[in-house]
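One letter stands for each residue in the lines below.
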Amino acid sequence: MNYQLNHLRELESESIFVLREVAAQFENPVLMFSGGKDSILMSYLAMKAFYPAKVPFPLLHVDTGHNFPETIEFRDNWVKKIGAKLIVGSVQEAIDKGMVVEEKGVNASRNGLQTAVLLDELEKGKFDAAMGGARRDEEKARAKERFFSHRDEFGQWDPKNQRPELWNIFNGKKHFGEHFRIFPISNWTEMDVWMYLAMEKVELPNLYFAHERDVFDRDGILLANTDYIEKKPNEKIVKKMVRCRTIGDMTCTGVWESQATTIEDIITEVSTTRVTERGGRADDKRSETSMEDRKIKGYF
């Protein structure tokens with residue numbers, strides 16, 4: 001037990017160090033916030049890092065317009081609770097302005113449309129660093145990221161052009177128009193996140209806990225029933241006890257059959273599963289390099 005506590009405190013200290021480095025090295029950073037557990041953890045660590053002062057940078061949510069309603073409700077309550085400033089970039093507004101074109105058909109999703117909105121918000125806000133809750137254990141493309149990950153003037157990522165980070169020395173130097181993506185919880189695992197949230201008794205959206213919901217099976221992934229998704233003729237709506245392991249756009253975020261109603265239940269469940277938390281994300285299954293392709297274009 002002491003070993004686990006020490007491990008979590010070491011991860012906490014590392015992440016807080018990175019957050020403070022961002023505040024020290026960059027003029028105008030922003031923290032990405034999706035309403036998911038990792039961004040909640042990030043904002044919680046930011047509160048700890050700068051206490052008793054308020055979090056010294058705003059939170060940015062790229063809203064697809066197809067989020068779970070529970071996510072938006074939690075987001076607004078959480079931001080109010082921690083006293084942070086919230087900026088919302090709207091995919092729907094981008095569609096209305098002709099900035100992006102909405103996908104059509106049964107597999108249509110707005111998830112990929114977030115990239116253009118994100119880059120636009122970073123440019124409008126003149127943000128030189130954007131912090132996100134991505135972790136190296138989530139997906140093979142994310143395993144390639146440094147803590148300080150350089151992006152060029154077009155917001156693009158070159159995985160072969162990254163800076164060394166020996167002895168936790170982070171190089172935030174950049175040219176005008178470029179920015180950095182920062183990943184303070186890179187070294188955390190899904191289990192670390194859940195154990196820390198349990199230890200700190202951090203508030204979470206009810207989507208993470210088992211609840212009854214109308215769902216349907218598509219290619220082995222359970223999706224929540226919503227008007228945002230066009231159904232195939234053979235797809236039948238059924239009620240199941242499910243929960244989310246990740247939270248994103250409803251059109252591509254799979255849910256998992258579960259009976260876990262507490263964080264302790266979730267920890268037990270995660271410890272025995274052989275499927276990663278992004279194993280239920282339909283957007284990751286469009287190709288073998290789906291995530292890396294999106295990241296190179298500017299996706300988080």
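Look up a bit, the structure's there.
Residues numbered from 1 in each chain as written. Predicted model: local features only at pLDDT ≥ 70, side-chain atom pairs only at ≥ 80, totals over all residues. Heavy atoms only, no water.

1. Considering the overall build of the protein chain
In step 1: When helices and strands are counted, the protein chain shows eight helices and 10 strands.
In step 2: With 300 residues in all, the protein chain has 55% of them scored as buried.
In step 3: When the accessible surface of the protein chain is split by element, carbon and sulfur atoms take 51% of a total near 14500 Å². (Helix = DSSP H or I, 4+ residues; strand = E, 2+ residues; numbered from the N terminus. Buried < 20%, exposed > 50% of the residue type's maximum accessible area, 1.4 Å probe, protein only. Areas by Shrake-Rupley, 256 points an atom, 1.4 Å probe, with all protein chains shown as cover.)

2. Structural notes on the sheet that holds strand 9 (residues 238–243)
In step 1: An order of 7-8-10-9 is seen for the four strands of this closed barrel, with the pairing classed as antiparallel. In this sheet, adjacent strand axes meet at a mean angle of 70° when their direction is disregarded.
In step 2: Of the pairings in the sheet, the one linking strand 7 (residues 211–218) to strand 8 (residues 221–224) comprises four bridges and is antiparallel in character. Each bridged residue has a counterpart across the sheet, and for R218 the counterpart in strand 8 is I221. (Pairing = 2+ DSSP bridges. Axes fitted to C-alpha atoms, helices over the stretch in contact; angles between N-to-C directions.)

3. Remarks on the pattern of salt bridges
In step 1: Scanning the entire structure with this criterion turns up 18 salt bridges.
In step 2: We note a salt bridge from K239 to D214, for which the minimum N-O separation is 3.1 Å. With K239 in strand 9 and D214 in strand 7, this residue pair connects regions lying 25 residues apart in the sequence.
In step 3: Owing to a relative accessible area of 29%, D214 belongs among the partly exposed residues under this scheme. (Salt bridge = Lys/Arg side-chain N within 4 Å of Asp/Glu carboxyl O.)

4. Comments concerning the nonpolar core
In step 1: Counting residues in each nonpolar core, the largest one holds 56 residues, and the members touching the most others are I182 and W194.
In step 2: With eight residues, helix 2 (residues 37–50) is the largest single contributor of residues to this core.
In step 3: Taken domain by domain, this core gets at least three of its residues from each of domain 1 (7–193 + 289–297) and domain 2 (205–282).
In step 4: Membership of the second largest hydrophobic core comes to 15 residues, among which are V100, L118, L122 and A130. (Core = buried A, V, L, I, M, F, W, Y, C linked by side-chain atoms within 4.5 Å. Domains from an automatic or database assignment.)

5. Topic: the environment of V62
In step 1: With respect to the element layout, V62 can be found in strand 2 (residues 59–63).
In step 2: Separated by 29 residues in sequence, V62 and V91 have C-alpha atoms that sit 7.2 Å apart.
In step 3: When near neighbours in sequence (up to four residues on either side) are disregarded, V62 contacts M32, G89, V91, Q114, V117 and L118. (Contact = heavy atoms within 4.5 Å.)

6. Some remarks on the packing of aromatic side chains
In step 1: All told, the structure shown has six aromatic pairs when counted by the stated rule.
In step 2: Centroid distance Y44 to Y196: 6.2 Å. Interplanar angle 70°. Geometry classified as edge-to-face. Of this pair, Y44 sits in helix 2 while Y196 sits in helix 6 (residues 190–200), placing them 152 residues apart in sequence. Across this residue pair, the class does not change: Y44 and Y196 are buried.
In step 3: For the pair F74 and W78, a centre-to-centre distance of 5.8 Å together with 15° between the ring planes defines the contact as stacked. With F74 and W78 both in helix 3 (residues 69–82) and four residues apart, this pair spans about one turn of that helix.
In step 4: On the accessibility criterion, F74 (8% relative accessible area) is buried.
In step 5: An aromatic cluster is defined as three or more aromatic residues linked by ring pairs; in this entry it consists of Y44, W188 and Y196.
In step 6: Over the ring of W256 we find R245, and its NZ or CZ is 4.7 Å from the ring centre. (Phe/Tyr/Trp six-rings, centres within 6.5 Å; stacked < 30°, edge-to-face > 60°. Lys NZ or Arg CZ within 6 Å of the ring centre and 35° of its normal.)

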